[in-house]
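# A look at the structure
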Number of protein chains: 4
Amino acid sequence: MSGSSFGKLFVVTGFGESHGPAIGGVVDGCPPGLELSAADLQVDLDRRKPGQSRHTTQRRESDTVEILSGIFEGRTTGTPIGLLIRNEDQRSKDYSEIADRYRPGHADYTYEQKFGVRDYRGGGRSSARETAVRVAAGAIAKKYLAERCGIRIRGHLSQLGAIRPVGFDWDQVERNPFFWPCAESVPQLESYMDDLRREGNSVGAAVTVVASGVPTGLGEPIFDRLDADIAHAMMSINAVKGVEIGDGFACVAQKGTEHRDEMTPDGFLSNHAGGILGGISSGQDVVVRIALKPTSSMRLPGRSIDRSGSSVEVVTTGRHDPCVGIRATPIAEAMLALVLMDHLLRQRGQNADAIAPIQSIPPRASSS
Amino acid sequence: MSGSSFGKLFVVTGFGESHGPAIGGVVDGCPPGLELSAADLQVDLDRRKPGQSRHTTQRRESDTVEILSGIFEGRTTGTPIGLLIRNEDQRSKDYSEIADRYRPGHADYTYEQKFGVRDYRGGGRSSARETAVRVAAGAIAKKYLAERCGIRIRGHLSQLGAIRPVGFDWDQVERNPFFWPCAESVPQLESYMDDLRREGNSVGAAVTVVASGVPTGLGEPIFDRLDADIAHAMMSINAVKGVEIGDGFACVAQKGTEHRDEMTPDGFLSNHAGGILGGISSGQDVVVRIALKPTSSMRLPGRSIDRSGSSVEVVTTGRHDPCVGIRATPIAEAMLALVLMDHLLRQRGQNADAIAPIQSIPPRASSS
Amino acid sequence: MSGSSFGKLFVVTGFGESHGPAIGGVVDGCPPGLELSAADLQVDLDRRKPGQSRHTTQRRESDTVEILSGIFEGRTTGTPIGLLIRNEDQRSKDYSEIADRYRPGHADYTYEQKFGVRDYRGGGRSSARETAVRVAAGAIAKKYLAERCGIRIRGHLSQLGAIRPVGFDWDQVERNPFFWPCAESVPQLESYMDDLRREGNSVGAAVTVVASGVPTGLGEPIFDRLDADIAHAMMSINAVKGVEIGDGFACVAQKGTEHRDEMTPDGFLSNHAGGILGGISSGQDVVVRIALKPTSSMRLPGRSIDRSGSSVEVVTTGRHDPCVGIRATPIAEAMLALVLMDHLLRQRGQNADAIAPIQSIPPRASSS
Amino acid sequence: MSGSSFGKLFVVTGFGESHGPAIGGVVDGCPPGLELSAADLQVDLDRRKPGQSRHTTQRRESDTVEILSGIFEGRTTGTPIGLLIRNEDQRSKDYSEIADRYRPGHADYTYEQKFGVRDYRGGGRSSARETAVRVAAGAIAKKYLAERCGIRIRGHLSQLGAIRPVGFDWDQVERNPFFWPCAESVPQLESYMDDLRREGNSVGAAVTVVASGVPTGLGEPIFDRLDADIAHAMMSINAVKGVEIGDGFACVAQKGTEHRDEMTPDGFLSNHAGGILGGISSGQDVVVRIALKPTSSMRLPGRSIDRSGSSVEVVTTGRHDPCVGIRATPIAEAMLALVLMDHLLRQRGQNADAIAPIQSIPPRASSS
């Protein structure tokens, strides 16, 4: 119910600023009996964490998570799971210069307009640091969905600036620092990012996430449709400015005969809908793509104002990601996992009595 | 908290199917003292209703709304407002043929997978008929926001198939059946739609909604950010497959220096962010664009299955919109109004104590 | 989430004032497939409605409910159920005298302090008229719980003023106008109420509700414990000033050895806990007792103030219940049904995986 | 929305078991600008903590709280506040004997029926250990309410077994280990408790909490009435079996003329209503009384069953409170503070526009 909580039956409530003592949260509603340890969460946290290549911020955080409750003899008890990640590498002096000024494109100005105050160090609560908690919580959901339901969630960077992959291979995604699905263009990305860093600029990106093995029937019309909750989840990620499902904005120029996914007893013939019809999962792959804006933390100066309303020039030094999209894949996967987990439990709660007339039909044969 | 409710302090709860006795809802949390009558709601309902041109479904509904509570001596009391719209023109026989089959691209299949049953007449609850309730509720929010806060919300069709406006004039929007902002291309649209109807096909569209005069500080980080709730609201509308804020997907290829909206004491210099930074309103125009897929109700046959799992061919007769985007503008406006209203009340509730260091700066000079 | 909604998965949202056009609501989250008609709801509405004996208010309302959605071919579809009850017998002139004054003990003063305005006719939204909607919604829950789960919910008046039953027989409850479980003392009650009406005074009452056949495991610790939600539900009923579970306030003076309900393989040996342990149902009868204050609508004058802050004397004429407890039994039953229904769905949603080590043990042999 | 969260705008989400690494929580929605430090919370934590006299459990916990976020330069930022309290004195061996058996009157049986598993050590999540988090969160609310609104919240033990105070003096409450408002009977209580401990039994208690200086207008009819939320909050505390407001169950035998609180321009003449009318605060003291059952952790053996369903005898050794009521006062105060804080923010959010016709009238002259 509050702005810091996400979900209705599987609920994540987070806290923590970039430069405070710690970040963390509570995951409430995880079903009992799931084998779970901090190591399970650490895998995805390690995929997300900063400083793992020259292309991301050089802030060093181990992002070591501690589970404080909700586990007994290695399994979840059904009671709330407390998560804690201590901040280790805060360099607050990096921020003393922007204590009184608003970095253009950042949330400094809007946070201070809203709250009257802000923790300026590292962006405070507006920093993407809190996404580590989402990833830890999402890892719990991912594990449950995979082990109990056979649902697989994986994402990849699908565009960096104007660069798109020339081929597609899921196996490549974990083999480069970008979550890029195409080995061939990795050198191009590296070279591009090196130039960007030298320039002191930043660039946008797009990330695609896919969930396969999703059962039919998830989504609560009309306001908590599955796609509506997915859009909510994705747009809540820092720097996201657009969300699309399936063919997304390409639908605008499509005819009905092109768009509709015909059905046969052997399965669907296409997946323009991205796995969701009428706000409810169809059993096909759920395909989501998000647009991330270029970050506003750049060495290149920008015009802004300070807390007295006077003109200033702002330069952001310190350690920042020139492209937040590079580390966004695990975050997007986590948010999709949280939405699917929540809806799985809601469908079980609301419609345990429902017996569909026929078994669900298979998705179309090949998945991207 | 349920799938049929939207909002936290200003809450709309709807009910009603396409062919049931009535649709309606409850609007809870409207502040007291607002002058309100059914006539105020009827204006937007009339903008949305079917059958007003040959380009939309020919179902005849007056969509006359009755206010059942929450008003006393012409003003809101702060207690819940009950809304009722009787269905008048149900032709259930139009649907008897699809009682046992799933129209491809529609929610027939997914509803039956979810609930085990479905009211097949007109799509039941999945029908866009329920959007009339959203428009009525949104009209209440719009009135309050306009009268008490000077917030103006207006939308327009921004793309029909591949056709985009060649000029832009807000005054044109209410003068043609499409909510199109450019008089010059209206004949092109009419001709296109006539061809489409003859063909028996459908097409997608994009709608843009803009809110101006929005105060700073709306949005509840991190999960109920203003953009996240807007995305949720828009994606919950039937046929929507994509939502973007400000430059949206165009951000992907932008550099940081291009994207960031610099600030001066006289105002912002651009609005790539679409009025939202860090999930909180900046005082600039909030600009949202949505993608609507081509509807699946077409006379052109499609392959599908029936309730026994056997192959069938499905043709949709009856009265349908060849392009749902044409009537979507009032719905998108209503959803944006609901989100802003809810967040206005939440900001008042959470941060009445906040005193920002400076007055907010003006938006950039010209608005689209 | 709003004040007009109750429940999380099975949600009731109500609207309507005493003298407006209608009262009604939306029931969201009813599982699909339940046989349901307006006649099912009318049974409990008829038990609650006014004017059925000389001992209650003489306002004549048929309380005829209309179901507007959510039903298809006689069964629930899983989509929201709209309910409407038109007000028929509003005598607004009865209230013109209190338009400007606050009846002591009523909500007139507090509503106007809260909202700045109030619909004074019949108490507006604060009137117990809205309880008809709760009873209609509760009837849906009762039916599902009875038919699908074997849960039986029934209540009775357990104290009127200082009068308690001398014997106990459930079969008597529906045979007198009081829901009194003892035929022998009915004449005493009638005589008492006749005197009260002549005097122009009112009296308090207590009502007990019992749910039997409740499965173990309902309740969501720690804040949404079953007893906490029951207390919330009951205290939300007009005129309720106290709620107790099981032995309730008698627990204060008990020793642990007296209070604890010992267990054997053949069942529990007592039920001091009232069916709830640690906030979760134990399989025993859930026993709840509520205290209702004497109403403040009396012919006997009382001192108060008016809207200008001056002293006035207030006399309430018109038609009122001298003891609201007399008609409270169906309302309390309805609220208990709503809580149990909501928790049943929540338990299904959260813990479908849970397999208890042993089957639940039976409740103690005899139930009151 | 989940069972582990309480509140809508001022939300507490807790986690933690009796014998896990830590307990803690997130407080979301605290307005910005409040001076706050861990020391502020420690005061109430110290009032609640175990082992401070021979009359309570001898478990030694410092209950030292750490604030992990939400504070900057000594003041709240409006962002979520993370709280952490490490468990120090877990003696898990004390519980190995009851790993397989259900202590009668405890939640062991119901937790295992619900979740299929339980952390048996110290009662796991069902332990009253988690109430420390409520007290820490409540301390934040108390501070805000006192400093910003002049609302004072204080409670006292009002009955221990059959013993009631013979006089009343608020100043005595903090001077004895019982929160007893009467110095004269303290020796009687001590003697009684010594006997109880020797006997190995336990006893019930009642606690009264009073909030003074409460503004009018708090409470959201009809379901989130102030008294309904208070009842919810209190009944969610371990061992509570009854809640009453104002005269509570004494109302049952009252006549209307006795019960109603008449009003004059100089104030109310009585406070039978306990400060709430129609579910909304009246400006009078809010008076709440709760009944706590005798705990089930006793050295005196009781009959029960084990996890295979066989008869066993259960004796609880280890360290326990013979009367949980003794430490309940700070917990009840905390819950009342949380409810009032939440409703204060909700009233601000919903009804900022409301202008009451007259200023509120004073409460009756003397408060208990």
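Residues numbered from 1 in each chain as written. Chains lettered and ligands numbered in written order. Predicted model: local features only at pLDDT ≥ 70, side-chain atom pairs only at ≥ 80, totals over all residues. Heavy atoms only, no water.

Per an unreviewed UniProt entry, chain A is named Chorismate synthase, and its organism is Thiorhodococcus fuscus. Here chain A is described in UniProt, under the heading Pathway (unreviewed entry), as follows: "Metabolic intermediate biosynthesis; chorismate biosynthesis; chorismate from D-erythrose 4-phosphate and phosphoenolpyruvate: step 7/7." Its UniProt record gives chain A a comment under Catalytic activity (unreviewed entry), which states: "5-O-(1-carboxyvinyl)-3-phosphoshikimate = chorismate + phosphate". (UniProt positions renumbered as here; feature names shortened; annotations may be inferred.)

### Things to note about helix α7 (residues 329-351) of chain A
The end-to-end C-alpha distance of α7 of chain A, which contains 23 residues, comes to 32 Å, matching closely the 33 Å that a straight helix rising 1.5 Å per residue would cover. Burial of α7 of chain A is extensive: 22 of the 23 residues sit out of reach of the surface. (Helix = DSSP H or I, 4+ residues; strand = E, 2+ residues; numbered from the N terminus. Expected span 1.5 Å × (residues − 1). Buried < 20%, exposed > 50% of the residue type's maximum accessible area, 1.4 Å probe, protein only.)

### Remarks on the interface of chain C and chain D
The interface of chain C with chain D comprises 120 residues on the first partner and 120 residues on the second. For chain C, the biggest contributors to the area lost against chain D are Lys114, Phe223 and Lys241 of chain C; these three give 10% of the whole. Seen at the junction of chain C and chain D, the total is six salt bridges. Across the pair glutamate 262 of chain D and arginine 303 of chain C runs a salt bridge whose closest N-O atoms are separated by 3.6 Å. (Contact = heavy atoms within 4.5 Å. Buried area = accessible area lost by both parts, 1.4 Å probe. Salt bridge = Lys/Arg side-chain N within 4 Å of Asp/Glu carboxyl O.)

### Regarding the pairing of strand β15 (residues 286-292) of chain A
Residue and element names in this part refer to chain A. The buried fraction of β15 is high, at seven of seven residues. Here β15 shows no split at all, with Val286, Val288, Ile290 and Leu292 on one side and Val287, Arg289 and Ala291 on the other all buried. Inspection of the sheet shows strand β9 (residues 205-212) paired to β15 by seven bridges, in the antiparallel sense. Paired with valine 209 across the two strands is valine 288, which belongs to β15. (Pairing = 2+ DSSP bridges.)

### Comments concerning the UniProt feature "binding site: NADP(+)" (unreviewed entry) in chain A
All names here are of chain A. When the UniProt feature table is mapped to this numbering, "binding site: NADP(+)" (unreviewed entry) covers Arg48 and Arg54. With respect to the element layout, arginine 48 can be found in helix α1 (residues 38-48). Beyond its immediate sequence surroundings of up to four residues, arginine 48 is in contact with Asp63, Ala128, Arg129, Thr131, Ala132, Val135, Arg327, Pro330 and Ile331. Separated by 3.3 Å, the side chain of arginine 48 and the backbone oxygen of alanine 128 make a polar contact. With respect to the secondary-structure elements, arginine 54 resides in the loop between α1 and β4 (65-67). Residue classification places arginine 54 among the partly exposed positions, given a relative accessible area of 43%. With residues up to four places along the chain from it excluded, the contact list for arginine 54 reads Glu190, Asp194 and Arg197. (Polar contact = N/O pair within 3.5 Å; in protein donor to acceptor, adjacent residues only side chain to side chain.)

### Describing the interface of chain B and chain A
Facing 120 residues of chain B, the contacting portion of chain A comprises 120 residues. Surface buried jointly by chain B and chain A totals about 9300 Å² across both partners, of which 61% is contributed by carbon and sulfur atoms. Interface area lost by chain B to chain A is led by Lys114, Phe223 and Lys241 of chain B, which between them contribute 10%. Along the contact surface separating chain B from chain A lie six salt bridges. For lysine 114 of chain A, the salt bridge is made with glutamate 220 of chain B, and the minimal N-O distance between the two is 2.9 Å. Ranked by residue count, the leading element in the side of chain B that touches chain A is helix α2 (residues 108-115) of chain B, at seven residues. Class assignment of the residues belonging to the side of chain B that touches chain A gives a composition of 53 nonpolar, 42 polar and 25 charged. (Nonpolar A, V, L, I, M, F, W, Y, C, P; charged D, E, K, R; others polar.)

### Description of the sheet that holds strand β10 (residues 240-245) of chain A
Ordered by their spatial adjacency, eight strands build an open sheet running β8(A)-β9(A)-β15(A)-β10(A)-β10(B)-β15(B)-β9(B)-β8(B), and the pairing between neighbours is antiparallel. Either end of the sheet is taken by a strand with one partner, and the two such strands are β8 (152-160) of chain A together with β8 (152-160) of chain B. Here the strands of the sheet are splayed against their neighbours by 20 degrees on average, with no regard to which way each runs. (Axes fitted to C-alpha atoms, helices over the stretch in contact; angles between N-to-C directions.)

### Points about the relation of the copies chain B and chain A
Here the second copy of the chain follows from the first by a rotation about an axis and a shift along it. Relative to chain A, chain B is turned by 180 degrees and slid 0.0 Å along the rotation axis, the superposed coordinates differing by an RMSD of 0.0 Å. Both copies are brought into coincidence by an operation consistent with a two-fold rotation axis. Looking at the rotation axis and the C-alpha trace of chain B, the residue lying nearest is histidine 232 of chain B, at 2.4 Å. (Least-squares fit on C-alpha atoms with pLDDT ≥ 70 in both.)

### Re the environment of threonine 329 of chain C
Residues and elements named next belong to chain C. Counting through the fold element by element, threonine 329 comes out in helix α7 (residues 329-351). Through-space distance from the C-alpha of threonine 329 to that of leucine 157 is 6.5 Å; in sequence the pair is 172 residues apart. Those residues in contact with threonine 329, other than ones at most four positions away along the chain, are Arg47, Gly155, His156, Leu157, Phe179 and Val207.

### Structural notes on the pattern of salt bridges
A side chain of one charge can pair with a side chain of the opposite charge if their charged atoms are brought near each other. All names here are of chain A. Scanning the model with the defined rule gives 124 salt bridges over all chains in all. As a salt-bridge pair, arginine 134 and glutamate 130 come within 2.9 Å of each other at their nearest N and O atoms. Neither residue differs from the other here; arginine 134 and glutamate 130 are each classed as buried. Across the pair arginine 289 and glutamate 244 runs a salt bridge whose closest N-O atoms are separated by 2.7 Å. Separated by 45 residues along the polypeptide, arginine 289 in strand β15 and glutamate 244 in strand β10 bring together distant segments of the chain. Each of the two residues, arginine 289 as well as glutamate 244, counts as buried.

### Observations regarding the side chain of threonine 77 of chain A
Tracing the backbone shows threonine 77 of chain A in the loop between β6 (75-76) and β7 (81-86). On the basis of relative accessible area, threonine 77 of chain A is assigned to the buried category, the value being 5%. A polar contact of 2.5 Å, which involves the side chain of threonine 77 of chain A, links it to the side chain of threonine 79 of chain A. In contact with threonine 77 of chain A, not counting residues within four places along its chain, are Pro32, Gly70, Ile71 and Phe72 of chain A together with Phe115, Val117 and Asp119 of chain D.

### Re the packing of aromatic side chains
Counted by the stated rule, this structure contains 26 aromatic pairs over all chains. With a centroid separation of 5.5 Å and 75 degrees between ring planes, the pair formed by tyrosine 102 of chain A and tyrosine 109 of chain A is classed as edge-to-face. Each member of the pair, tyrosine 102 of chain A together with tyrosine 109 of chain A, is buried. Relative to phenylalanine 6 of chain D, the ring of phenylalanine 223 of chain C has its centre 5.5 Å away and its plane inclined at 40 degrees; by these criteria the two rings are tilted. One end of the pair, phenylalanine 223 of chain C, is in the loop between β9 (205-212) and α5 (226-235); the other, phenylalanine 6 of chain D, is in strand β1 (residues 5-6), on a second chain. With respect to burial, phenylalanine 223 of chain C and phenylalanine 6 of chain D carry one shared label: buried. Through a chain of ring-to-ring contacts, the aromatic side chains of Tyr102 and Tyr109 of chain A together with Phe268 of chain B assemble into a single cluster. The aromatic ring of phenylalanine 115 of chain C is capped on one face by lysine 114 of chain C, whose charged end is 5.7 Å from the ring centroid. (Phe/Tyr/Trp six-rings, centres within 6.5 Å; stacked < 30°, edge-to-face > 60°. Lys NZ or Arg CZ within 6 Å of the ring centre and 35° of its normal.)

### Some details on the environment of arginine 86 of chain C
Here arginine 86 of chain C lies in strand β7 (residues 81-86). Looking at arginine 86 of chain C, the relative accessible area reads 31%, which means it is partly exposed. Spatially, the C-alpha atom of arginine 86 of chain C lies 24 Å from that of serine 2 of chain C, the residues being 84 residues apart in sequence. Contact partners of arginine 86 of chain C, with chain neighbours within four places excluded, come to Glu66, Leu68, Leu84 and Arg86 of chain B together with Pro21, Ala22, Glu61, Thr64 and Arg129 of chain C. A distance of 2.8 Å separates a polar atom in the side chain of arginine 86 of chain C from a polar atom in the side chain of glutamate 66 of chain B.

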